[in-house]
Amino acid sequence: MLNFSLTPEQIALRDKARRFAIDEVLPIAWYYDEQDELPLYILKKAWDEGIMNLTIPQKYGGQGRGLLECALVVEEISAACAGIATSIFDNSLGTEPLLLSRNAKVKEKYLPVLIKDFKLICFATSEPLAGSDVAGLRCKAEKSGDDYILNGTKYWVTNSGVADYYAIFATIDPSLGHKGIAAFLVEKGWAGVKVGETIPKMGQRGSNTAGIHFTNCRVPAENVLAQPGEGFIMAMTAFSRTRPIIGSFGVGAARSAMEMAVDYAKKRKAFGARLADFQAIDFKIAEMYQKVETARLLTWKAAWENDSGMDPTISASIAKFYCTEAAFEVVSDALQIFGGYGYTRLFPIEKLLRDMRLPMIYEGTSEIQRVVVSRYVLDGYKPVMPPIEDFPLLAKHDVHLEAAEGKKDTIAWRCRICGHMHYGPEPPEECPHCFFPKTAFKKVWPRG
Ligand SMILES: Cc1cc2nc3c(=O)[nH]c(=O)nc-3n(C[C@H](O)[C@H](O)[C@H](O)COP(=O)(O)OP(=O)(O)OC[C@H]3O[C@@H](n4cnc5c(N)ncnc54)[C@H](O)[C@@H]3O)c2cc1C
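Residues numbered from 1 in each chain as written. Predicted model: local features only at pLDDT ≥ 70, side-chain atom pairs only at ≥ 80, totals over all residues. Heavy atoms only, no water.

## Points about the packing of aromatic side chains
With the rule as written, the count across this model stands at 15 aromatic pairs. The rings of Tyr-264, Phe-338, Tyr-341 and Phe-347 are connected pair by pair, giving a single aromatic cluster. Geometry around Trp-30 places Lys-351 over its ring, the cationic atom sitting 5.0 Å from the centre. (Phe/Tyr/Trp six-rings, centres within 6.5 Å; stacked < 30°, edge-to-face > 60°. Lys NZ or Arg CZ within 6 Å of the ring centre and 35° of its normal.)

Here it is, written out as structure tokens:
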């Protein structure tokens, strides 16, 4: 049975995140955006509040929450600041390889620490020369006894400037493509690890992004998260669990933009009337709300699939590209309703617009989500209706009855080229429309 209602526990968690977003994140979001700096103390407060690391199982001391709970929390925090929300949720992305790993020891060593102490863990597949093409990554992992030696650069790594742990994807041989990729849990202080300067960004400036460079960094065997050949699928599985939540960034920011625009439209006057009295404005508002609601449903569906043990990959991609693009449209419409004020740095909308440009890029661009979904629709989707060439578009209403009575000449034939229907015991020698020969005709009625 479908059910869109939340449990009392989920409502309590959402309300806690909402209070945190309004009391803690909203007041400082613009300051840190302007400073281009991550407010680390806010991440610590989120950790104290128990709204970080939600998916770590109870057996490691965590809350064992599902993706739906992550979606609820992230929507609220992103409604206050998508950048800070990105950095808070990044611990869940960084934790995914640990959760998915078949190496029990590495899980037992690090997962409880993330609950016990305020520790940040980031996730790195991307490199300066490989983002969308994860199988094309080049950071090298060379076997040395049972250990591995890392050499190379990871780039665009959220929180890497402040993280304690890094989930690093590297290859034993770039020519092996996805078959060469392994994953490793690397610690900040290890020899051969160097973090780059913060990358200056257009938006989400309250989130830290930097590169990590490895020079002969030794990773002990017990810190292998995925053996060579297992890393690529680990990364893809992680993305199918985190992409719905990228959708939630969009839902939260779009919801805020809509609320600000509605408030402004009710107060601002032009031509002697409120903006909200103009249908052109109201229709924009209706579409904003439609997009917020649709986006939320898509994120919830993908999260529900994951939490129910189903493979959420396709729903996750749909949610990601719909929600993030819808959010950008909603924020842009909100900015339009604010007129010139929307374009200034004195009103909050321009930050939302800059912040919402990013979710269409990270964790797989909108184009990559379309690649995933189109491949599924073309190759994996099972059609419900018969193919067009089997359509019995019966033009004679009595053909059905006559066929039932066994009359031979009521057989219907369909030309597979132009669709012409012919009735009779045999197809015609030649199609009267497209002139293709008899062989172009297929018997479509009676069926079977
Ligand atoms: C602020 C920020 C934070 C990030 N955080 C992280 C992180 O924490 N960890 C991490 O690993 N990465 C992170 N990333 C990297 C992000 O995932 C990549 O930027 C993204 O996957 C795109 O890769 P790229 O930038 O190399 O672009 P490219 O892969 O070079 O793509 C360039 C353009 O070509 C298009 N394109 C590429 N291939 C195809 C194709 N097959 N079909 C159609 N179009 C295609 C892309 O959609 C894009 O428009 C972050 C990026 C940013 C900007």
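## Brief notes about the packing of helix H4 (residues 82-100) against helix H5 (residues 104-116)
Closest axis-to-axis distance for the H4/H5 pair is 9 Å, and the angle between their directions is 155°. By the angle between their directions, the pair H4 and H5 is classed as roughly antiparallel. Of the two possible hands of crossing, H4 and H5 adopt the one that is left-handed. Across the interface between the two elements, Asn-91, Thr-95, Leu-98, Leu-99 and Leu-100 of H4 pack against Val-106, Lys-107, Tyr-110, Leu-111 and Leu-114 of H5. Of the residues belonging to the contact of H4 with H5, the class tally is 7 nonpolar, 2 polar and 1 charged. (Axes fitted to C-alpha atoms, helices over the stretch in contact; angles between N-to-C directions. Helix = DSSP H or I, 4+ residues; strand = E, 2+ residues; numbered from the N terminus. Parallel < 35°, antiparallel > 145°, perpendicular 65-115°, else oblique. Left-handed = near helix turned anticlockwise from the far one by under 90°. Contact = heavy atoms within 4.5 Å. Nonpolar A, V, L, I, M, F, W, Y, C, P; charged D, E, K, R; others polar.)

## Concerning the site of the ligand
Around the ligand sit 19 residues, and of these Phe-123, Ser-126, Ser-132, Trp-156 and Thr-365 come closest. Here Thr-125 contributes a backbone N or O atom positioned 2.9 Å from an oxygen atom of the ligand. Contact with the protein chains removes 66% of the 970 Å² of surface that the ligand exposes when unbound. For the shell around the ligand, the secondary structure elements donating two or more residues are strand S1 (121-124), strand S3 (147-158) and helix H10 (366-380). Partitioned by chemical class, the residues of the shell around the ligand number 9 nonpolar, 7 polar and 3 charged. (Near = heavy atom within 4 Å. Polar contact = N/O pair within 3.5 Å; in protein donor to acceptor, adjacent residues only side chain to side chain. Areas by Shrake-Rupley, 256 points an atom, 1.4 Å probe, with all protein chains shown as cover.)

## Some thoughts on the nonpolar core
The nonpolar side chains of soluble globular proteins are, as a tendency, buried together. Ranked by internal contacts, the top residues of the largest apolar core, which has 85 residues, are Leu-98, Leu-150, Phe-184, Val-186 and Phe-214. In terms of residue count, helix H3 (residues 67-80) provides more of this core than any other element does, 9 residues in total. Look past the residues within four positions of Val-186 in its chain and what remains in contact with it is Leu-150, Asp-164, Tyr-165, Tyr-166, Ile-168, Val-193, Phe-214, Cys-217 and Val-219. By size, the runner-up hydrophobic cluster in this structure holds 28 residues, among which are Leu-275, Ile-285, Val-330 and Phe-338. (Core = buried A, V, L, I, M, F, W, Y, C linked by side-chain atoms within 4.5 Å. Buried < 20%, exposed > 50% of the residue type's maximum accessible area, 1.4 Å probe, protein only.)

## Concerning unusual backbone geometry
What is expected of a backbone is that most residues other than glycine have negative phi and most peptide bonds are trans. Omega for the peptide link from Trp-445 to Pro-446 comes to -10°, which places this bond in the cis form. Inspection of the secondary structure puts Pro-446 in the segment after strand S13 (441-445). The phi dihedral of Trp-156 falls on the positive side, at around 60°, and the residue is not glycine. Mapped onto the elements of the fold, Trp-156 is located in strand S3.

## Notes on the state of the cysteines
One pass over the full model with this rule turns up 0 disulfides. Free of any disulfide, Cys-81 has its nearest neighbouring cysteine sulfur in Cys-70, separated by 18 Å. Judged by its relative accessible area of 2%, Cys-81 falls in the buried class. Its sulfur unpaired, Cys-122 is 13 Å from the next cysteine sulfur, which belongs to Cys-139. (Disulfide = S-S within 2.5 Å.)

## Some points on the environment of Gly-136
Here Gly-136 is to be found in the loop between S1 and strand S2 (140-144). Taking C-alpha positions, Gly-136 is 17 Å from Glu-367, a pair spaced 231 residues apart along the chain.

## Thoughts on the pairing of strand S4 (residues 165-171)
With respect to burial, S4 is a largely interior element, 7 of its 7 residues being buried. Side chains Tyr-165, Ala-167, Phe-169 and Thr-171 project from S4 onto one buried face, and the interleaved Tyr-166, Ile-168 and Ala-170 project onto a second face that is buried too. Bridge count for S1 against S4 is 4 bridges, and the pairing is parallel. Bridge pairing links Ile-121 to Tyr-165 in S4. The pairing of S4 with strand S5 (residues 181-187) spans 7 bridges and is antiparallel. Note on S5: the bridge partner recorded for Ala-170 is Ala-182. (Pairing = 2+ DSSP bridges.)

## Here's the deal with the packing of helix H1 (residues 8-35) against H3
At a minimum axis distance of 7 Å, the contact between H1 and H3 shows a crossing angle of 25°. When the interaxial angle is binned, H1 and H3 end up roughly parallel. Regarding H1 and H3, the two cross each other, and that crossing is right-handed. Contacts between H1 and H3 involve Gln-10, Leu-13, Arg-14, Ala-17, Arg-18, Phe-20, Ala-21, Val-25, Leu-26, Ala-29 and Trp-30 on the former and, on the latter, Leu-68, Glu-69, Leu-72, Val-73, Glu-76, Ile-77 and Ala-80. By residue class, the composition of the contact of H1 with H3 is 13 nonpolar, 1 polar and 4 charged.

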